[in-house]
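# Understanding the architecture of this molecule
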Amino acid sequence: MGAGEKDIEEVDPGCVPFLNRMPPSSSGDASQRQAMPAQRGKAKAAEASSSTWMQMAQEVIDLESAMQEPDEPVGTSPPQSSPPALAGSSSWMEEMTTILKGTTLTRGEEKAMWTKPRIYRVPEWVKSNNPQAYQPEVVSLGPFHHGASNLLPMEEHKRRLMLHMVNRSGKPLQDFFNAVEEVANKLQNAYDGIDEGWLGKNTHRFVEMMVIDGGFLLEIMTITPKEILPDYDVDHDPIFSIHGILDLKRRIRSDMCLVENQLPLLVLKKLQAVRREAPPMDKDINDWVTRFLGRKHVQGNSLGLHPLDVFHRSFCCISSDDSSTEEEIKNWRRTENTMLSAVELREAGINFKENETQSIQDIDFRNGVLRMPVVEVDDTTEKIFLNLMAFEKLHRNVGTHATDYMIFMDNIIDSERDLALLSKKGVIRNFLGSDKAAARLFNTLRKGARLNPKSKLGHLQWKVAAHCKNPCHEWRAIFRHTYMSNPWVFISLVAASILLVIAILQTAYTIVPFYTKG
């Protein structure tokens, strides 16, 4: 969605800018009558889109109700007589019959099949928005991008940091290799569609890669300033020098948040257990990741799947066992999939304030104030946001919190004027240097995404729409926009009010003595 534009589904016929609702002048009647057919067409399209969205919401509820039923084998009813096979289909029929005889196709078996992978290749239908956003820029983690020509320069630094970590531990490298080798099969199964070149007789190559990548992450995330000085030349080191901290480390953080560029945190747990001769706490490993990625600690004590999973949990402020609350379930019917832009909301009398937390779960609307967490926008933001959304599409039990947030931001940002307003309110910190570029970023993120009907943000948009439809809020917004937006207009209003009061008093003092004498 381009800046300053909205899809038809974004139109909200029930909550339009208040200035557009004011009675038109007689000179504008003709143009208004010409625009009426187009407006009716848009309203019908918006109504149809809303109907489709509500139908989708009902399907979500029906599906969740059906999920409460126990697993049952598919096809357990008595076999029905089949029509004669078509010519040339006998081999296919025999193959399908053999498969049916060898499995019961229970929901539990299919669930085990779909939940086994944890690190995915992003399908083309997801990449179509921006293919480059899913490619690592400086460092590869795991097998999917290992050996890419543009990432080879970092391989030397990965080995170098891993060897520093091993040397400082005082343990032989073989101990680290053996620890990772114990869980090699589990690590291989974590990758969806891993190449055969990493399996079977080549498992040792896979373990070597895990040790190097895991040792690299462990070193760069946990090393202390006291440990840096003896081992690294901080004046010239590409990673630990000032230039490395300001540029290369920032790009490494970005590459750690790509769906295809992940390393199971189980690797770090195994390596740390050898380094310290005791297994680390799962929470400590999660904290290393969040601290390095510049996020706050995640809820829960369970070990994250990989760095992106930990980042996602911190971004959304959810624990590993997070589920819908009773309030979300109760309010799912009171939702809106569209909302006015930031400038239109300001004209409607709604104010924006920044929240002190980093969690998108803390977006709140009360008493005409929309509170939002601060979001920083730079040249890595689009890549990180797209991969958060792709992770939710592929790893389906993590919810849709990030996707709902991107849709929400796209709803309130139509153009650079909206972006400038949110920047002025402190909600967005724009490091791209252009409000238009930042607005375009948010407008293109949600391509192909739909708001979860049970989303908390959907209910928040409903509350904003209800606030907009209140006549008292409308009149107050019109007054504020007409007389409070310009200091000279306000001064004129005050002066006119004073003159009116004086005129009333003067009239009263003139009339009262006449009736008193009578």
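Summary of the structure given here.

### Regarding the overall build of the protein chain
- Within the protein chain, the regular secondary structure consists of 22 helices and five strands.
- Sequence separation of at least 24 residues holds for 71% of the intrachain contacts in the protein chain that already meet a minimum separation of 6.
- Counting only carbon and sulfur atoms, one obtains 55% of the accessible surface of the protein chain, whose full area is about 28,500 Å².

### Overview of a positive patch on the surface
- A cluster of basic residues, Arg346, Lys353, Arg371, Arg417, Lys424 and Lys425, forms a positive patch at the surface.
- Summarising the element assignment, arginine 417 is placed in helix H18 (residues 416-424).

### Considering a nonpolar patch on the surface
- Among the surface-exposed residues, Val494, Ile498, Leu499 and Ile502 lie close enough to one another that they form a single nonpolar patch of about 360 Å² accessible area.
- Checked against the element boundaries, isoleucine 498 lands in helix H22 (residues 487-517).

### A look at H18
- Every buried residue of H18 is listed here: Asp418, Leu419, Leu421 and Leu422. Down the axis of H18, the buried side of the element spans an arc of 160°, and every buried residue falls inside it. Among the exposed residues of H18, those pointing more than 90 degrees away from its buried face are Arg417 and Lys424.
- Where H18 is buried, its residues contact helix H15 (342-347), strand E1 (351-355), helix H17 (401-412), strand E5 (428-430) and helix H19 (435-445).
- Taken from the residues just after H18, glycine 426 is the one with a positive phi, measuring 85°.

### Here's the deal with the sheet that holds strand E2 (residues 364-366)
- In spatial order, the strands read E1-E3-E2; together these three strands make up an open sheet with mixed pairing. Of all the strands in the sheet, just E1 and E2 have a single pairing partner and so form its edges. Ignoring which end each strand starts from, the neighbouring axes of this sheet average 25° apart.
- The strands touched by helix H20 (residues 456-469) within the sheet are E2 and strand E3 (369-373), with E2 carrying the most contacts at an inclination of about 25°.

### Section: the nonpolar core
- If you look at the biggest cluster of nonpolar residues, it comprises 112 residues, and the most contacted ones within it are Ile252, Phe315, Phe408, Ile428 and Phe442.
- Excluding anything up to four places from it in sequence, phenylalanine 442 contacts Val377, Phe385, Met409, Asp410, Ile413, Leu419 and Ile428.

### Some details on helix H10 (residues 242-255)
- Under the 1.5 Å per step criterion, the end-to-end length of H10 is 20 Å for 14 residues, consistent within 8% with the ideal 20 Å.
- At leucine 248, H10 is deflected by roughly 35°, the largest bend along its length.
- Of all the residues in H10, the buried ones are Gly244, Leu248, Lys249, Arg251, Ile252, Ser254 and Asp255.
- As for H10, its buried residues are in contact with helix H5 (152-169), helix H8 (203-222), helix H12 (282-292) and helix H16 (381-394).

### Focus: the packing of aromatic side chains
- Going through the model one piece at a time under the given rule, you end up with eight aromatic pairs.
- Measuring from ring centre to ring centre gives 5.5 Å for phenylalanine 144 and tyrosine 191, while their planes differ by 85°; the resulting arrangement is edge-to-face. Of the two residues, phenylalanine 144 sits in the loop between helix H4 (124-127) and H5 while tyrosine 191 sits in the loop between helix H7 (184-189) and H8, which places them 47 residues apart along the sequence. Comparing phenylalanine 144 with tyrosine 191, the two get one shared label, buried.

### Thoughts on the environment of leucine 394
- With respect to the helices, strands and loops of the structure, leucine 394 is situated in helix H16.
- Separated by 135 residues in the primary sequence, leucine 394 and valine 259 have C-alpha atoms spaced 9.2 Å apart.
- Other than its neighbours up to four places away in sequence, leucine 394 contacts Tyr120, Arg121, Val122, Pro123 and Val259.

### Considering the pairing of E3
- Counted residue by residue, E3 has four buried out of five residues, so it is predominantly covered.
- Pairing geometry for E1 and E3, over five bridges, is parallel. Bridged to phenylalanine 352 within E3 is leucine 370.
- With three bridges connecting them, E2 and E3 associate as antiparallel partners.

Parameters and conventions
Residues numbered from 1 in each chain as written. Predicted model: local features only at pLDDT ≥ 70, side-chain atom pairs only at ≥ 80, totals over all residues. Heavy atoms only, no water. Helix = DSSP H or I, 4+ residues; strand = E, 2+ residues; numbered from the N terminus. Contact = heavy atoms within 4.5 Å. Areas by Shrake-Rupley, 256 points an atom, 1.4 Å probe, with all protein chains shown as cover. Patch = residues over 30% accessible without salt bridge, like charges linked within 9 Å, V, L, I, M, F, W, Y side chains within 5 Å. Salt bridge = Lys/Arg side-chain N within 4 Å of Asp/Glu carboxyl O. Lys, Arg positive; Asp, Glu negative; His and termini not counted. Charge placed at Lys NZ, Arg CZ, Asp CG, Glu CD. Buried < 20%, exposed > 50% of the residue type's maximum accessible area, 1.4 Å probe, protein only. Arc of directions from axis to C-beta. Pairing = 2+ DSSP bridges. Axes fitted to C-alpha atoms, helices over the stretch in contact; angles between N-to-C directions. Core = buried A, V, L, I, M, F, W, Y, C linked by side-chain atoms within 4.5 Å. Expected span 1.5 Å × (residues − 1). Bend = angle between axes of the 7 residues up to and from the residue. Phe/Tyr/Trp six-rings, centres within 6.5 Å; stacked < 30°, edge-to-face > 60°.

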